[in-house]
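Structural characterization, general
What follows is the residue order along each chain.
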Amino acid sequence: MTSPRSRKVTYDAPVGSVDLPAFDENGAPYEVWPCTDCLPWHFEVIRADDGEVMVREWHAMECALFQQLISDQ
């Protein structure tokens, strides 16, 4: 059986995004590490409607990390 960390999702997989805070409660920026499970992963820095700086991560919809991130919100 293939472990989830060794599986690669192709670039043409359907993608979805999740917005995450860019800074912790002390104002320190979070580090952004690439997702090793899906090739379409990328991120962008955005300013939310309320002015907060956020990191928007894009993942393949079937990516295990993406599924975990959206279930945690």
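Coordinates for the structure precede this section.
Each value, and the rule that gives it
Residues numbered from 1 in each chain as written. Predicted model: local features only at pLDDT ≥ 70, side-chain atom pairs only at ≥ 80, totals over all residues. Heavy atoms only, no water. Helix = DSSP H or I, 4+ residues; strand = E, 2+ residues; numbered from the N terminus. Buried < 20%, exposed > 50% of the residue type's maximum accessible area, 1.4 Å probe, protein only. Contact = heavy atoms within 4.5 Å. Areas by Shrake-Rupley, 256 points an atom, 1.4 Å probe, with all protein chains shown as cover. Phe/Tyr/Trp six-rings, centres within 6.5 Å; stacked < 30°, edge-to-face > 60°. Pairing = 2+ DSSP bridges. Axes fitted to C-alpha atoms, helices over the stretch in contact; angles between N-to-C directions. Core = buried A, V, L, I, M, F, W, Y, C linked by side-chain atoms within 4.5 Å.

Here we come to the overall build of the protein. Summing up its helical and strand segments, the protein has 1 helix and 3 strands in all. Along the protein, helices (α) and strands (β) appear in the sequence β-β-β-α when read from the amino end. Considering the protein as a whole, with its 73 residues, one finds that 27% of them fall into the buried category. Nonlocal contacts in the protein, meaning residues at least 24 apart in sequence, comprise 61% of its contacts between residues at least 6 apart. For the protein, the accessible area works out to roughly 5200 Å², and carbon and sulfur atoms hold 56% of it.

Position of E52 among the secondary structure elements: in the loop between β2 (42-47) and β3 (53-60). The residues touching E52, leaving out its near neighbours within four places in the chain, are P21, I46 and R47.

Now for the packing of aromatic side chains. By the definition in use, this model includes 1 aromatic pair. Between W41 and F43, the aromatic rings sit 5.8 Å apart at their centres with planes inclined by 40 degrees, giving tilted as the arrangement. With relative accessibility at 16%, the residue W41 sits in the buried group. Residue F43 is classed as partly exposed on the basis of its relative accessible area of 37%.

Attention now goes to the sheet that holds β3. If you walk across this open sheet you meet the 3 strands as β1-β3-β2, and the pairing is antiparallel. Taken across any chain shown, the strands that pair with only one partner, and hence form the sheet edges, are β1 (15-21) and β2. Shown here is a sheet whose adjacent strand axes are inclined to one another by a mean of 30 degrees, direction ignored. When β2 meets β3, the two strands line up antiparallel, connected through 6 bridges. Looking across to β3, one finds that H42 is bridged to W58. Relative to the sheet, helix α1 (residues 64-72) contacts β1 and β3, its axis offset from that of β1 by approximately 50 degrees.

In terms of nonpolar packing, the biggest core is built from 11 residues, these being V9, A13, V18, L20, C35, C38, W41, A60, C63, F66 and L69. Mapped by element, the contributors of at least two residues to this core are β1 and α1. Once residues within four sequence positions are removed from consideration, C38 is found in contact with V9, H59, A60 and C63.

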